[in-house]
Amino acid sequence: MRLFSFIVLLLVLFTTFLPICAYAMPENNDIIHIEKVVMRFDKTDTTVVVTYNLNFFARMYILAFGTRHLESSFIDIFSKYENIQIEEVGYDTVKLSIKDVSRASDSYYLHDGRDLDTNVQSIEVIYPNGQTKTITDVRATPDIFYQQV
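Below is a summary of the structure that appears in this document.

About the thresholds
- Residues numbered from 1 in each chain as written.
- Predicted model: local features only at pLDDT ≥ 70, side-chain atom pairs only at ≥ 80, totals over all residues.
- Heavy atoms only, no water.
- Helix = DSSP H or I, 4+ residues; strand = E, 2+ residues; numbered from the N terminus.
- Contact = heavy atoms within 4.5 Å.
- Areas by Shrake-Rupley, 256 points an atom, 1.4 Å probe, with all protein chains shown as cover.
- Pairing = 2+ DSSP bridges.
- Axes fitted to C-alpha atoms, helices over the stretch in contact; angles between N-to-C directions.
- Phe/Tyr/Trp six-rings, centres within 6.5 Å; stacked < 30°, edge-to-face > 60°.
- Buried < 20%, exposed > 50% of the residue type's maximum accessible area, 1.4 Å probe, protein only.
- Patch = residues over 30% accessible without salt bridge, like charges linked within 9 Å, V, L, I, M, F, W, Y side chains within 5 Å.
- Salt bridge = Lys/Arg side-chain N within 4 Å of Asp/Glu carboxyl O.

### Quick notes on the overall build of the protein
- The helix and strand inventory of the protein stands at 3 helices and 9 strands.
- In sequence order, the secondary structure elements of the protein are arranged as α-β-β-α-α-β-β-β-β-β-β-β.
- The long-range share in the protein, meaning contacts at least 24 apart out of those at least 6 apart in sequence, stands at 53%.
- Summed over all atoms, the accessible surface of the protein reaches about 9,700 Å², with 54% contributed by carbon and sulfur.

See the structure below:
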């Protein structure tokens, strides 16, 4: 009788927990879902702030072991850039510093767009003069040019 009760309890827990886990997993099984990327340009460098969500299991892992384990994932997403430095990683944002992303040409700086390793809901570009440009549903940074103020 005890064994039967134990098995029934396990089945109830399993059938309750399984839909919750399935709901928590995104359809494409990505661990990190990038919501917004903000790129602030300054001469040849840029500061990038990424707002992201984690799936259920990744969030539990990060709560247990910390955000340090996410750094390699963000390096992979921005792998087309060479001089990346992660400044800080939070539970829903990461700040990156990327050097030499643009090149000087006369009185302008030119930034060639680069592929990202994931889909991004929106990229907001902040030019040195404060103007902004927002692009939605992209897989690459945009080609832009700007004049240093």
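### Quick notes on the sheet that holds strand S7 (residues 115-126)
- Taking strand neighbours across the sheet as the criterion, the 6 strands line up as S3-S4-S2-S1-S7-S8 in an open arrangement whose pairing is mixed. For this open sheet the edge positions go to strand S3 (83-89) and strand S8 (132-140), each flanked by a neighbour on one side alone. The sheet shows a mean angle of 25 degrees between the axes of neighbouring strands, direction not considered.
- As paired strands, strand S2 (residues 45-54) and strand S4 (residues 93-99) are joined by 6 bridges and run antiparallel to one another. Looking across to S4, one finds that Val49 is bridged to Lys95.

### With respect to the packing of aromatic side chains
- According to the stated counting rule, one finds 7 aromatic pairs in the structure shown.
- When the centroid spacing of 5.7 Å and the interplanar angle of 70 degrees are considered together, the rings of Tyr108 and Phe145 count as edge-to-face. Taken together, the positions of Tyr108 in strand S6 (residues 108-111) and Phe145 in strand S9 (residues 144-147) put the pair 37 residues apart, joining distant regions of the chain.
- Residue Tyr108 is classed as partly exposed on the basis of its relative accessible area of 35%.
- Judged by relative accessible area, Phe145 falls into the exposed class, the value being 55%.
- Among the aromatic side chains, those forming a connected cluster through ring pairs are Phe41, Tyr109 and Tyr146.

### Topic: a nonpolar patch on the surface
- Residues Met60, Leu63 and Tyr91 make up a contiguous nonpolar surface patch of about 300 Å² in total accessible area.
- Tracing the backbone through its elements, the reader meets Leu63 in helix H2 (residues 56-65).

### Some remarks on the side chain of Thr46
- As for its placement among the helices and strands, Thr46 is situated in strand S2.
- Discounting chain neighbours no more than four positions away, the residues touching Thr46 are Met39, Arg40, Phe41, Leu96, Ser97, Ile98 and Val101.

### Side note on the pairing of S6
- The alternating pattern of S6 places Tyr109 and His111 on a buried face and Tyr108 and Leu110 on a face that is not buried.
- Pairing of strand S5 (residues 102-105) with S6, which is carried by 4 bridges, proceeds in the antiparallel orientation. Across the sheet, Arg103 pairs through a bridge with Leu110, a residue of S6.
- Taking the residues between adjacent antiparallel strands as the criterion, S5 and S6 are bridged by 2 residues, where Asp106 takes a positive phi near 60 degrees.
- Direction of pairing for S6 relative to S9: antiparallel, over a ladder of 4 bridges. Within S9, the residue paired with Tyr109 across the bridge is Tyr146.

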